[in-house]
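# Examination of the molecular architecture
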Amino acid sequence: LLRRWSRCSPQRRRLCQLHKSGELHIAGGLLDGLVVNIARPGPEGDVFRVKRYVTAGHATSGDDQEANATDKEIESRVWWVKNVKTQHWERLQVEHKEEEPRWDEAFTDVLTHATAQETEGIRFSGFVYLLVEDVDPSRIAVVLADQWRLRLLVLKDDGRIYKYSHEA
């Protein structure tokens, strides 16, 4: 993801890893690495926000405006995390537009999972791999990894199972 500390700072490419627990690890140097749990509010409130921005090209400017997209504009999702060290909001966005749906799905799944774990009447909430391709059952042992998707499943007291994840 691309990380920006403030409007005046340049965007910097950072390796990021999101755990199912809600911890977002953002790689950096000795002083600018960051770990924030987006699924749990901090002592001062929320630590994660999502906004959609519209730009004339790829959203790289700090002066983007929230608006409705037109044919010539590109709608881009931007995520904000609160740095627990500085208490300032930092902007995260994808470097390539194709990556946006996967990150959006991951953030949504982690937040939904955290909510389900705190909800009464939930017996199980967890991530499982589901086969997304039509495959002959006799060939199940040779199914490729890209034919499986990680999905969030929730089992309620009444026996109903809900799949909350996006379709790929």
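Residues numbered from 1 in each chain as written. Predicted model: local features only at pLDDT ≥ 70, side-chain atom pairs only at ≥ 80, totals over all residues. Heavy atoms only, no water.

## A word on the environment of Gly159
In plain terms, the rule: Runs of E in the DSSP output that reach at least two residues are strands. Runs of H or I that reach at least four are helices, and both are numbered from the N terminus.
Turning to its location among the elements, Gly159 is positioned in the loop between β10 (148–156) and β11 (161–163). Placed 37 residues apart in sequence, Gly159 and Ile122 show a C-alpha to C-alpha distance of 9.6 Å.

## Quick notes on the sheet that holds strand β3 (residues 16–18)
Short version of the rule: For two strands to be treated as a pair, DSSP must find at least two bridges joining them. Where helices are involved, their axes are fitted lines through C-alpha atoms of the stretch in contact, as for all axes, and angles between N-to-C directions lie from 0 to 180°. Should any heavy atoms of two residues lie within 4.5 Å, those residues are considered in contact.
Strand order in the open sheet formed by three strands is β3-β4-β5, with antiparallel pairing between adjacent strands. At either margin of the open sheet sits one strand with a lone partner, and together these are β3 and β5 (34–37). Here the average twist between neighbouring strands, direction ignored, is 15°. Of the strand pairs in this sheet, strand β4 (residues 23–26) and β5 are connected by four bridges, and their pairing is antiparallel. Its bridge partner being in β5, Ile26 is matched across the sheet by Leu34. Here helix α1 (residues 100–117) sits on the sheet and contacts β3 and β4; the angle it forms with β3, its principal contact strand, is near 40°.

## Brief notes about the pairing of β10
Across nine bridges, the pairing between strand β9 (residues 122–131) and β10 is antiparallel. Its bridge partner being in β10, Phe127 is matched across the sheet by Leu152. Where β10 folds back on β11, the antiparallel hairpin that results is connected by four residues, among which Gly159 adopts a positive phi of roughly 90°.

## Here we look at the sheet that holds β9
Taken together, the three strands give an open sheet; going across it, the order is β9-β10-β11, and neighbouring strands pair in antiparallel fashion. Of all the strands in the sheet, just β9 and β11 have a single pairing partner and so form its edges. Strand-to-strand twist in this sheet, taken as the mean axis angle between neighbours without regard to direction, amounts to 30°. Here β10 runs beside β11; their pairing, made up of three bridges, is antiparallel. Its bridge partner lying in β11, Leu153 is registered against Lys163. Across the sheet, α1 lies against β9 and β10, angled at about 155° from β9, the strand it touches most.

## Considering the confidence of the model for the protein chain
Residues shown with low pLDDT carry predicted positions that ought not to be read at fine detail. Note the threshold: You can read pLDDT as the predictor saying how much it trusts each residue, on a scale of 0 to 100.
Looking at the protein chain, the pLDDT average stands at 79 and 77% of residues meet or exceed 70. Looking over the protein chain, one finds the lowest element-wise mean pLDDT in strand β6 (residues 48–55), namely 73, and the highest in β3, namely 93.

## Focus: the packing of aromatic side chains
The relation between two aromatic rings is expressed through the spacing of the ring centres and the mutual angle of the planes. This is how it is decided: Aromatic rings from Phe, Tyr and Trp, taking only the six-membered ring of Trp, are treated as a pair when their centres fall within 6.5 Å; an angle between ring planes under 30 degrees marks them as stacked, one over 60 as edge-to-face, and anything in between as tilted. Throughout, exposure labels follow a simple rule: accessible area from a 1.4 Å probe, protein chains only, divided by the maximum for the residue type, with under 20% read as buried, over 50% as exposed, and the rest as partly exposed.
For the coordinates displayed, the defined rule picks out three aromatic pairs. When the ring of Trp79 is compared with that of Phe107, the centres are 5.2 Å apart and the planes differ by 50°; the resulting orientation is tilted. One end of the pair, Trp79, is in strand β7 (residues 74–82); the other, Phe107, is in helix α1, and 28 residues separate them in sequence. Neither Trp79 nor Phe107 differs from the other in exposure class; each is buried. When the centroid spacing of 5.6 Å and the interplanar angle of 35° are considered together, the rings of Trp103 and Phe107 count as tilted. You can see Trp103 and its partner Phe107 sitting in helix α1, four residues apart, about one turn around the helix. Given the relative accessible area of 2%, Phe107 is considered buried. Aromatic rings pair up to connect Phe48, Trp79, Trp103 and Phe107 into one cluster.

## Examining unusual backbone geometry
Although it is not a glycine, Gln87 adopts a positive phi angle of roughly 65°. Within the fold, Gln87 resides in the loop between β7 and β8 (89–93). On the basis of relative accessibility, which here comes to 36%, the residue Gln87 falls in the partly exposed class.

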